[in-house]
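Chain by chain, the residues:
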Amino acid sequence: MDLGEQIRNKAKELIEIETVDCVIGYERATDGVGARPLFAYKPEEVDRLIFDQTCTHNLAKYLLNRKDKATAIVVKPCDSRAINLLLNESQIQRDKLFIIGVACPGITKTGLNNTSEELQAACQICQQHTPVIYDFLVGEPPASEPDIAEAYADVAAMEGQSAEERRAFWEEQFSRCIRCYACRQVCPGCYCTECFVERLDPLWVGIRIAPEENEVWNTIRAFHLAGRCIACNECERVCPVNIPLSLLNRKLEEEVRELFNFQAGMDAETPAPFATYKKEEVFPEIG
Amino acid sequence: MTQFISKKDLLSWLSQLLEDRYLVAPTKVDELTLFRQVDRVDDIVFDFDNTTLSPKEWFFPPSETLFYVERKDGGVELIPATIERETAIFGIRPCDARGMAMNDYPFLAEPADALYRQHRDKTTLVGLACLTTRPECFCTSMGSGPHDPANLDILLTEVADGYIVQVLTDKGKALLPDKLITAADVSPPPVPALSDVPSGDISEKMRRAFDDPFWDRLADRCIHCNICSYVCPTCYCFDVRDYTDKERIERVRSWESCQSPGFTRIAGGYDPRPTKGSRLRQRFAHKLLYFPEQFGALACVGCGRCVRACPVNIDIREIIQDVQQLGVKSEA
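Treat the numbers as computed from the prediction; the structure is a model and nothing was measured.

> Please clarify how the packing of aromatic side chains should be interpreted in this entry.
The relation between two aromatic rings is expressed through the spacing of the ring centres and the mutual angle of the planes. Residues and elements named next belong to chain B. Counted according to the given criterion, the structure contains 21 aromatic pairs over all chains. An angle of 65 degrees between the planes, with centres 6.1 Å apart, marks the rings of F60 and F238 as edge-to-face. With a gap of 178 residues between them, F60 in the loop between β3 (32-38) and β4 (63-72) and F238 in strand β11 (residues 238-244) connect regions that are remote in the sequence. Overall, F238 belongs to the partly exposed group, its relative accessible area being 33%.

Here is the structure:
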């Protein structure tokens with residue numbers, strides 16, 4: 001039985017016995033190749049559910065729109081970390097959720113009308129192929145997670161550059177930003193009811209879509225996700241102008257891991273580093 | 001007989017243009033194709049399907065200063081922004097030329113937008129006919145076509161060793177010297193075929209679909225970013241804000257989108273489009289109902305950029321078809 005069929009069977013059961021009133025999963029996109037999110041409310045809609053290596057979207061973001069509603073959701077391992085993040089931050093309720101976890105073989109670079117066998121960059125260095133939280137698991141989890149020595153190779157390369165080189169690189173990248181906020185809208189960790197960029201008083205950043213303002217936006221976005229990014233890399237995938245956001249996210253992820261021995265979303269209980277205070281913590285010297 | 005320019009003469013003509021005007025053309029930026037002001041012809045990309053962002057940014061930039069107010073002699077002086085230099089845009093596709101014509105309706109309706117008018121008056125459009133198309137292209141269903149010369153000053157169609165030239169306006173005539181053009185017996189390449197997206201009486205169907213739960217269901221999936229609005233050649237909404245310091249006020253406008261949560265929020269906090277479904281409906285109702293009512297044409301040119309860039313496959317082709325089917329069952 002393929003993954004899609006296992007998901008459809010479970011989803012149909014959940015809808016029919018009214019455990020949940022909606023199953024959030026994936027269906028085929030209009031190009032006939034890729035996938036897109038599906039909200040299935042009726043048994044006949046459940047029939048459209050699929051799962052394959054094109055199912056890139058992190059559906060956990062949608063739970064923020066269904067906080068009080070009983071919902072089943074299909075999650076890959078990275079997406080399951082987003083659920084833990086949102087549980088940890090008291091944004092969603094565990095008893096409203098039925099989690100269909102998928103042991104993930106990695107997602108390909110397939111985009112609209114563009115088929116690719118190659119895994120997305122984040123999947124090539126993924127060390128979590130089994131969901132960290134689920135009620136029902138489909139797929140075969142690997143016997144052990146791979147130890148990937150080169151997970152931060154591009155981050156290390158960036159760190160190896162001079163401050164001037166890094167500034168020139170990021171100025172060029174941010175100059176392209178059109179402030180569509182797709183990176184924010186797709187991110188399960190971005191759920192402020194009023195984002196700092198939309199706040200008028202105090203005004204943190206002007207509306208101008210220009211290098212200076214873009215830099216403020218992109219930098220603060222990354223910092224707000226330090227210790228919270230669960231590495232689904234959806235922000236980078238959706239960026240219409242290809243800004244390499246994962247370089248920033250993973251740099252901060254690496255810092256938090258080294259300083260606090262913490263990885264976001266691995267469980268729902270461990271207090272987040274920036275939501276706790278420990279007397280013994282000493283601010284490291286900055287060289 | 002057709003008019004012809006050799007590739008070599010085209011390149012030298014483009015180099016000459018650099019001497020007295022800005023030349024904007026498709027360029028490669030990482031893996032993207034973007035219209036950029038170029039300083040040398042070598043940076044121009046000739047082999048591209050279409051640009052990542054539309055050329056609207058050269059008439060309606062992401063951000064632009066409208067005017068300054070400065071202290072002067074104990075009073076204040078208003079200094080409007082002006083566009084001094086001529087610009088030629090090379091490599092505009094026919095769908096995007098139609099997109100510019102669509103934007104002319106709101107921006108040039110009296111009282112015309114002064115800055116937009118200057119951008120338009122100072123810019124000459126050199127189009128490139130499409131020899132290939134993308135799977136998401138549907139310009140022929142939206143009033144244009146891969147070889148459509150409408151709304152351009154010059155249209156070039158690539159053939160062996162050069163281009164078939166159509167000089168379409170006085171502006172185009174002034175830009176391209178006659179001496180570079182020769183008469184030649186060259187047949188134009190075939191017009192690539194595109195899949196059909198029949199829009200029928202979509203405006204009327206949109207009106208009837210106003211209260212349909214269809215929009216809330218579609219909004220389940222939509223993540224409400226602004227990608228579709230910002231890659232769209234015909235989306236023209238903006239916000240205006242003042243940048244102030246002691247000596248000067250600068251009034252700036254920037255792209256805005258009906259998909260932003262605060263877009264219609266007014267003083268006192270009321271928002272006439274408070275739900276995601278109502279905001280998503282607005283985008284399609286504007287393109288398929290309100291704009292046609294006001295100006296007589298659908299505000300979509302079938303460039304397919306929103307289809308390609310949408311992170312969750314909100315596909316306007318599918319919506320045009322689905323909305324026409326809404327209510328069909330209940331009426332039967």
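> What am I meant to see in the pattern of salt bridges here?
Side chains that differ in sign of charge can pair as their charged atoms come close. Per the counting criterion, the structure on display carries 47 salt bridges over all chains. We note a salt bridge from E159 of chain A to K251 of chain A, for which the minimum N-O separation is 2.3 Å. In this pair, E159 of chain A sits in helix α5 (residues 153-159) while K251 of chain A sits in helix α10 (residues 245-260), placing the two residues 92 residues apart along the sequence. On the basis of relative accessible area, E159 of chain A is assigned to the partly exposed category, the value being 35%. One salt-bridge network, in which partners are shared between bridges, spans E27, R36 and R48 of chain A together with E318 of chain B.

> I keep staring at the pairing of strand β12 (residues 248-255) of chain B and nothing clicks. Help me out?
Side-chain direction in a regular strand flips from residue to residue, so the side chains alternate between the two faces of the sheet. All names here are of chain B. Of the pairings in the sheet, the one linking β4 to β12 comprises 7 bridges and is antiparallel in character. The partner of T65 across the bridge, within β12, is V252. Where β11 and β12 come together, 7 bridges link them in antiparallel fashion. By the bridge assignment, D242 is partnered in β12 with R251. As consecutive antiparallel partners, β11 and β12 are separated by 3 residues.

> Before we go on, may I ask you to explain the domain arrangement of chain A in this structure?
When the parts come together, some accessible area is lost, and that loss is often what is quoted as the size of the interface. All names here are of chain A. Partitioning chain A into domains gives domain 1 (3-138) and domain 2 (153-270). Placing the centre of domain 1 and that of domain 2 at their C-alpha centroids yields a distance of 24 Å. Taken together, the contact between domain 1 and domain 2 spans 21 residues of the former and 25 residues of the latter. Buried area between domain 1 and domain 2, both sides added, is near 1900 Å², and the carbon and sulfur share of it is 52%. Three residues, K61, R81 and L85, lead the burial of domain 1 against domain 2; their summed loss comes to 33% of the area buried on that side. If you look at where domain 1 meets domain 2, you find 1 salt bridge. Between R228 and E89 there is a salt bridge, and its shortest N-O distance comes to 2.8 Å. Inspection of the domain 1/domain 2 interface yields 12 residue pairs in polar contact (both at pLDDT 80 or more).

> Sorry, what's going on with the sheet that holds strand β7 (residues 123-128) of chain B here?
Two strands in a sheet stick together by hydrogen bonds in their backbones, pointing the same way (parallel) or opposite ways (antiparallel). All names here are of chain B. A sheet is described by the order of its strands in space; here 8 strands give the open sequence β3-β2-β6-β7-β8-β9-β1-β10, paired in mixed fashion. The strands lining the two open edges of the sheet, one partner per strand, are β3 and β10 (182-184). Shown here is a sheet whose adjacent strand axes are inclined to one another by a mean of 35 degrees, direction ignored. Here 6 bridges tie strand β8 (residues 154-159) to strand β9 (residues 162-167), and the two strands are oriented antiparallel to one another. Directly across from V159, in β9, lies its bridge partner G162.

> Sorry if this is basic, but what is going on with the interface of chain A and chain B here?
Contacts between chain A and chain B engage 35 residues on the former and 40 residues on the latter. Inspection of the region where chain A meets chain B yields 4 salt bridges. We note a salt bridge from R208 of chain A to E250 of chain B, for which the minimum N-O separation is 2.9 Å. Connecting chain A to chain B are 21 residue pairs in polar contact (both at pLDDT 80 or more). Along the lines of polarity and charge, the residues of the side of chain A that touches chain B split into 18 nonpolar, 8 polar and 9 charged.

The rules we used
Residues numbered from 1 in each chain as written. Chains lettered and ligands numbered in written order. Predicted model: local features only at pLDDT ≥ 70, side-chain atom pairs only at ≥ 80, totals over all residues. Heavy atoms only, no water. Phe/Tyr/Trp six-rings, centres within 6.5 Å; stacked < 30°, edge-to-face > 60°. Helix = DSSP H or I, 4+ residues; strand = E, 2+ residues; numbered from the N terminus. Buried < 20%, exposed > 50% of the residue type's maximum accessible area, 1.4 Å probe, protein only. Salt bridge = Lys/Arg side-chain N within 4 Å of Asp/Glu carboxyl O. Pairing = 2+ DSSP bridges. Domains from an automatic or database assignment. Contact = heavy atoms within 4.5 Å. Buried area = accessible area lost by both parts, 1.4 Å probe. Polar contact = N/O pair within 3.5 Å; in protein donor to acceptor, adjacent residues only side chain to side chain. Axes fitted to C-alpha atoms, helices over the stretch in contact; angles between N-to-C directions. Nonpolar A, V, L, I, M, F, W, Y, C, P; charged D, E, K, R; others polar.

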